[in-house]
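Remarks on the overall topology
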Amino acid sequence: MADRSLRGIRLGASSLQSEEGVVFHERANHTYVCTQCGRETVMTFAADAELPDAWECRTCGAEAVLRVGDSVVEVDHSGDKAPRTHWDMLLERRTVPELEELLEERLSLLRARRGAADHSRLSA
């Protein structure tokens, strides 16, 4: 039964959907210029879309800036935050003297273990 339902249709060759009644949205092309390699990338957006000031360059991966007319848009990076490192998060919970004290405790514990292991090897 399932064999008969697909008879005469080549899978993947053509779509069964039609574009009848579909209204396409207005589009506009915008140019982005890479700050590193200088390459221009043309992107197509909806005509009423809010454009990003920066885009990733397809060639080198650096920041490409939107060009409006003959000039490029200034990108404000003042709100960008640097990623927090493990050290930053550690300093939020402990002070440096506390960390030095913990380090000394752990080192003395390891030294004691190592000494016991060395002592047991010598006696055997």
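Just so we're clear, the structure is a prediction, and the values are computed from it rather than from any experiment.

Helix and strand counts for the protein stand at three helices and five strands. With 124 residues in all, the protein has 11% of them scored as buried. Considering only contacts in the protein between residues 6 or more positions apart, those separated by 24 or more positions represent 22%.

As a further point, take the packing of aromatic side chains. Under the counting rule described, the total for this entry stands at three aromatic pairs. These aromatic residues form a ring-pair network of at least three members: Tyr32, Phe45 and Trp55.

On to the side chain of Thr41. Structurally, Thr41 is set in strand S2 (residues 40-46). Here Thr41 falls in the buried class, since its relative accessible area comes to 6%. When neighbours within four sequence positions are excluded, Thr41 is seen to be in contact with His30, Thr31, Tyr32 and Arg58.

What counts and what doesn't
- Residues numbered from 1 in each chain as written.
- Predicted model: local features only at pLDDT ≥ 70, side-chain atom pairs only at ≥ 80, totals over all residues.
- Heavy atoms only, no water.
- Helix = DSSP H or I, 4+ residues; strand = E, 2+ residues; numbered from the N terminus.
- Buried < 20%, exposed > 50% of the residue type's maximum accessible area, 1.4 Å probe, protein only.
- Contact = heavy atoms within 4.5 Å.
- Phe/Tyr/Trp six-rings, centres within 6.5 Å; stacked < 30°, edge-to-face > 60°.

The values are spatial; any link to function lies outside them.
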